[in-house]
Amino acid sequence: MRKYLLKRVFYMLLTLFLVATITFFLMKLMPGTPYSNQEKMTPQQIKIMNEQYGLNKPVWLQYLIYLGGMLHGDLGTSFQYSNQPVSYLISSRIGASAQLGLQAMIFGVLVGIIIGSFAAINRNTWIDTLCTVLSIIGKSVPNFVLAVLLQFYIALKLGWFPIADWGGFSYTVLPTIALGVGPLAETARFIRTGMVDVLSSDYIELARAKGLTKFGIVYHHALRNSLIPLVTLIGPYTVALMTGSMVIENIFSIPGIGEQFVKSITTNDYPTIMGVTMLFSAGLVVVILLTDIVYGIIDPRIRLSGNGD
Amino acid sequence: MKINKFAKLGTVVALSSLFLVACGSKSSSTASKQVLNWNETAELPTMDLSTATDVVSFDTLNNTNEGLYRLGKDSKIEPGIATKTQVSSDGMKYTFTLRKNAKWSNGQKVTAKDFVYSWQRTVNPKTASQYAYLFSGIANADDIMNGKKAVSTLGIKAEGNYKLVVTLDKKLPYFKLLMGFPVFFPQNEKAVKEYGSKYGTASKYMVYNGPFKLTKWTGSNLSWTLKKNNNYWDKKDVKLSAINFKVNKSTTTSYNLYQSGKLDETTLSAEQAKQLANSKELVTRKGASTFYLEYNQTKKEYQNANIRKAISLVIDRKQFVNKVLGDGSTVAKGLASTGLAKLNGEDFASAASVKSAVATNRAEAKKLWAKGLKELGVTSLNIQLLSDDTDKAKDSTTFLQSQIEENLSGAKVSVSNVPFKTRLARSESGDFGIVVTGWGADFSDPISFLDLFTSDNSQNNGKWKNAEYDKLIEASKTTDAGNTTKRWNDLVKAQKILLNDQGISPLYQQATATLVKSKVKGVIYNAAGVNYNFKNTYIAK
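Values in this document were obtained by computation on a predicted structure and should not be read as measured data. Counting from 1, residues in each chain are numbered in the order their sequence is written. Ligands are numbered from 1 and chains lettered from A, in the order in which they are written. For a predicted model such as this one, the threshold for reporting local features is a pLDDT of at least 70, and the threshold for listing and counting side-chain atom pairs is 80 or more; totals across whole chains, interfaces and linings nevertheless cover every residue.

Participant: So what's going on with the overall build of chain B? Residues and values would help.
Facilitator: Each helix is a run of DSSP H or I of at least 4 residues and each strand a run of E of at least 2, with the numbering of both proceeding from the N terminus. Secondary structure assignment for chain B yields 18 helices and 23 strands. The size measure is the radius of gyration over C-alpha atoms, and the globule rule it meets is 2.2 Å times the number of residues to the 0.38 power. Compactness check: chain B gives a C-alpha radius of gyration of 26 Å against a globular reference of 24 Å for 541 residues, within 12% of the reference. Taken along its principal axes, the extent of the C-alpha atoms in chain B is 100 × 70 × 40 Å. Look at the contacts in chain B between residues 6 or more apart in sequence, and 67% of them connect residues 24 or more apart. A pair of residues counts as a contact when their C-beta atoms, built from backbone coordinates, are separated by no more than 7 Å.

Put into structure tokens, the structure is as follows:
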């Protein structure tokens, strides 16, 4: 087990190194400078600025300097926010995104499991059809459309929740729903399919024959088995949601990381692009490892190291 | 007993909800007091005036700090830190007398040394200021920026604490206007040194000498508050006690907040502006920026004036601004935007306009087109149109493409919509046929636009050249710089030359539609340089 983990951690670091390298060189291929007033600056002024920021050095040297900084935990300072360290930009804005993403995921998965199980138990009845239709709608309506509708009807017209801004829990309700509908629909679909399979298997027949309650069968036997494919889905999905959704953050004016990332790309804010990309990648590789470990826990048929120790 | 407990709980809940309601009404009654709730469409990136580059930073700096002058209505100069200004007879030396009652929020007095320190800091190449070029013209500024001279040689000296002497390399007829731009404001050396690399990165790492003080800004958050500055020398004229800024990037959101009374102002999208065209609260803010077609005159086909004129004449600009843009933008009269400068009551844009340069005349266009093609010895022409990749830019290029292809036989337009930075890079390297581009004025003077098209200007990407034009611009800066009328005439003539030759084809002057609650009075908006000045703003009863 320990050998396996060490090997995995080594591969994770290798992955991160490759991501950093590829992103750095791709990023340097983008035309233009990171200066927002580039349009009004003469080539001479841009040259002087490049010298100040070390952007006149060969790209491989810039890459080594960046890598050196990163190893010391220095992600550089942002160009968009003059003098602001990238690490501060990320740390001050990842909180809102992470909270929102996590809430959306919990909401989506829990409600999705309930709807999915409900549909599977009542297979081929109108309840099943209704659940399927709902999850198709949830999957196909873009979350920003739902966000705008929720904001208009629930917040502005009914006044139940704040229209936008970020403060207490009440501010998170509408964005959580808007963001959670995607994973909800996805989960419901997975659970239904998985559970329909499981419910028609022999051991469920046996459980029934033993006289277990319907709830007991569904909860202890069917659900646990149909959760396995879901685990693969949840991990990366959570990372994607927690690292920010630009659209939802914009609609509800949430100080998250989503827009920061997109804007850093369009403005050639090199240190921010690298910082957010690395954060995202690190989150992803860690979650993939966790997913594999969780697999082993919930499904004894899967052994992590393969030699049975 | 149990019921009793529930009754108690119920009473507590009822009471606390009453209390909450009371709080709610309390906060809404302060809203009718002198508190303004303003919408911003982007974050506040920095409060360091030497490195600021964006509208939000400049606006915030303008309301929390003050330079020698403050720009009032129609970019009129109003008193700031300077109480008296003496200009030498040759116009090369300015002596400012500063007021003695101006203070920083850290308690120190605002002195001439703060200006010297600030200016030297900005032109220092190490500071990497993106607006340092505005100092060009102040003695030795160019050499300092290029690293050829020491910072201390800059043409600004403090004579004692309250006298400031500025010497110039060349005449700057708009020099006083520049003093209202935050890049020329003073900086408190003690604060810059004390806060070091944190200077200007959060409201607490900054000092203020203007009408308001910045609070609740962490450097990356989406809301902040300007509080009335009780140390401000003219605090009796500041009526607002606070301005709450909220960043809402979605205009749908800010409009909803506006409707619910949480905001007193909101920016509108073009779609919203069309629907609210009859609203009494609609305020269109004209920008000091003009968009135009720039032709690549290193290419044979665009050196041909008939081709350029034909293209310009087929565009129905009225339809363009009303149907395609719809955000309150207006048909451009020429290159320099309207509202920049006036002489004897006449706006520069009108004085220097050439009707045929922005008119639609398709019969004439067809004639010129045929003539142009013949001169080039071809029967058809491929036009490469370059523009940004925003929705607005895409709509614009689609419109232009159809106008040109439908009306000029043999014209084939291929459009490239690319990201802004790519568009700039391609413009600079000359990799375009025609580019849809724009220019915004940094200060309220036509020269801010006209400088762009002199032969030696490195930002003249189309490489249009005209000796007469160059001569007129040069004269406006040298021989005629001291004579308002002569200088005005030079600039008028120059713009007419550019327009008559269709060196560029002006399209529209940009505007932003906003809604402002009618109780909000005294907001000063200037198109060029800094936009908003809230010093005299108040909430009417």
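There's more to say after this.
Participant: Tell me what's going on with the overall build of chain A, and back it up with residues and numbers.
Facilitator: Within chain A one finds 13 helices and zero strands. For chain A, the sequential pattern of α-helices and β-strands runs α-α-α-α-α-α-α-α-α-α-α-α-α. Its C-alpha atoms put chain A at 85 × 60 × 30 Å along the principal axes. If you take every contact in chain A between residues at least 6 apart in sequence, the share linking residues at least 24 apart comes to 73%.

Participant: How would you sum up the pairing of strand S9 (residues 223–228) of chain B? Please name residues and give values.
Facilitator: The side chains of a regular strand alternate between the sheet's two faces. Residues and elements named next belong to chain B. Alignment of strand S8 (residues 212–215) against S9, held across four bridges, turns out to be antiparallel. Paired with Leu214 across the two strands is Leu226, which belongs to S9. For two strands to be treated as a pair, DSSP must find at least two bridges joining them. One ladder, built from five bridges, connects S9 with strand S10 (residues 242–247); its direction is antiparallel. What sits directly across from Lys227, in S10, is Ala242.

Participant: With reference to specific residues and values, describe the nonpolar core.
Facilitator: Counting residues in each nonpolar core, the largest one holds 190 residues, and the members touching the most others are Ala178 of chain A together with Ala310 and Leu450 of chain B. Broken down by element, the residue count for this core peaks at 13 residues, all from helix H7 (residues 170–199) of chain A. If we skip the residues at most four places from it in the chain, Leu450 of chain B touches Leu335, Ala336, Ile473, Leu491, Ala494 and Gln495 of chain B. A set of buried Ala, Val, Leu, Ile, Met, Phe, Trp, Tyr and Cys residues, joined through C-beta atoms within 7 Å, is what we mean by a nonpolar core. Remark: C-beta atoms are placed from the backbone, and a residue is labelled buried if 20 or more other C-beta atoms sit within 10 Å of its own, exposed if 12 or fewer do, or partly exposed between those counts. By size, the runner-up hydrophobic cluster in this structure holds 13 residues, among which are Leu75, Leu89, Ile257 and Val276 of chain A.

Participant: Would you mind going over the interface of chain A and chain B in detail, with residue names and values included?
Facilitator: Taken together, the 39 residues of chain A in the interface contact 41 residues of chain B. The leading source of residues in the side of chain A that touches chain B is helix H2 (residues 43–53) of chain A, at seven residues. Across the side of chain A that touches chain B, the residue classes tally to 17 nonpolar, 18 polar and four charged. Amino acids are sorted into nonpolar (Ala, Val, Leu, Ile, Met, Phe, Trp, Tyr, Cys and Pro), charged (Asp, Glu, Lys and Arg) and polar (every other residue, Gly among them).

Participant: Quick rundown of the packing of helix H8 (residues 202–210) of chain A against helix H9 (residues 214–226) of chain A? Include the residues and the values.
Facilitator: All names here are of chain A. Contact geometry of H8 with H9 gives a least axis separation of 11 Å together with a crossing angle of 150 degrees. Between H8 and H9, the angle falls in the class roughly antiparallel. Between H8 and H9 lies a crossing whose hand is right-handed. On the side of H8, the interface is formed by Tyr203, Ile204, Ala207 and Arg208, while H9 contributes Ile217, His221 and Ala222. Orientation is described by lines fitted to C-alpha atoms, with helices fitted over the stretch in contact, and by angles between N-to-C directions that extend from 0 to 180 degrees. In these notes the angle categories are as follows: under 35 degrees is roughly parallel, over 145 is roughly antiparallel, 65 to 115 is roughly perpendicular, and the rest is oblique. Two helices cross in a left-handed way if the nearer one is turned anticlockwise from the farther one by less than a right angle. They cross in a right-handed way if the turn is clockwise.

Participant: How would you summarise the packing of helix H17 (residues 467–477) of chain B against helix H18 (residues 484–500) of chain B if you had to cite specific residues and measurements?
Facilitator: Residues and elements named next belong to chain B. One can describe the packing of H17 onto H18 by two numbers: an axis separation of 9 Å at closest approach and a directional angle of 160 degrees. As the angle between them shows, H17 and H18 are arranged roughly antiparallel. Note that H17 runs across H18; the crossing there is left-handed. Residues Glu468, Tyr469, Leu472, Ile473, Ala475 and Ser476 of H17 form the contact with H18, whose participating residues are Arg487, Asp490, Leu491, Lys493, Ala494, Ile497 and Leu498.

Participant: Quick one: what's the story with the sheet that holds strand S7 (residues 163–167) of chain B, residue by residue and with numbers?
Facilitator: Sheet strands line up and pair through hydrogen bonds in the backbone, either parallel or antiparallel. Residues and elements named next belong to chain B. Taken in spatial order, the four strands of this open sheet run S4-S5-S7-S6, and their pairing is antiparallel. Looking at which strands have only one partner, the edges of the open sheet turn out to be strand S4 (82–87) and strand S6 (156–158). The average undirected angle you get between the axes of adjacent strands in this sheet is 20 degrees. Pairing between S4 and strand S5 (residues 93–98): five bridges, direction antiparallel. For Lys84, the partnering residue across the bridge sits in S5 and is Thr97. Its contacts with the sheet place helix H3 (residues 112–123) against S5, S6 and S7, and it is angled at close to 150 degrees to S6.

Participant: Tell me about unusual backbone geometry, and name the residues and values.
Facilitator: Residue and element names in this part refer to chain A. Residues other than glycine seldom take positive phi values, yet Ser253 does so here, at roughly 45 degrees. Residues other than glycine seldom take positive phi values, yet Asn268 does so here, at roughly 55 degrees. You can see Asn268 is positioned in the loop between helix H12 (258–266) and helix H13 (270–298).

Participant: Describe the sheet that holds S9 of chain B, and please don't skip the residues or the numbers.
Facilitator: Residues and elements named next belong to chain B. What the four strands build is an open sheet, ordered S1-S10-S9-S8; its pairing is mixed. Each edge of the open sheet carries a strand with a single partner, namely strand S1 (35–40) and S8. Across the sheet, the mean angle separating the axes of adjacent strands is 20 degrees when strand polarity is ignored. This element, helix H2 (residues 55–64), spans S1, S8 and S9 of the sheet and lies at about 130 degrees to S8.

Participant: Which residues make up the domain arrangement of chain A, and what values go with them?
Facilitator: Either an automatic procedure or a domain database provided the assignment from which the domain bounds are taken. Domain boundaries in chain A define domain 1 (2–71) and domain 2 (86–267). Summarising the inter-unit geometry, the C-alpha centres of domain 1 of chain A and domain 2 of chain A are found 35 Å apart.

Participant: An account of the domain arrangement of chain B is requested, with residue identities and associated values reported.
Facilitator: Residues and elements named next belong to chain B. Along its sequence, chain B is organised into domain 1 (35–244 + 517–539) and domain 2 (288–512). Relative to domain 2, the C-alpha centre of domain 1 lies at a distance of 33 Å. Contact residues are listed per partner, giving 14 residues for domain 1 and 15 residues for domain 2.

Participant: Quick one: what's the story with helix H10 (residues 228–242) of chain A, residue by residue and with numbers?
Facilitator: All names here are of chain A. By this rule, a helix spans an expected 1.5 Å times one less than how many residues it contains. Relative to the 21 Å expected for 15 residues at 1.5 Å per residue, H10 spans 22 Å between its end C-alpha atoms, a close match to the ideal helical length. Maximum bend of H10: about 25 degrees, positioned at Ile234, with proline Pro236 one to four residues after it. Among the residues making up H10, those that are buried are Leu230, Ile234, Gly235, Tyr237, Thr238, Val239, Leu241 and Met242. Along its buried surface, H10 packs onto helix H4 (86–121), H7 and H13. Fitting one axis to the seven residues ending at a residue and another to the seven starting there, the bend at that residue is the angle between the two axes.

Participant: How would you explain the environment of Asp197 of chain A if you had to name every residue and give the values?
Facilitator: Residue and element names in this part refer to chain A. Relative to the elements of secondary structure, Asp197 occurs in helix H7. For Asp197, a count of 14 C-beta atoms within 10 Å gives the class partly exposed. When the C-alpha atoms of Asp197 and Ala222 are compared, they prove to be 9.0 Å apart, with 25 residues separating the residues in sequence.

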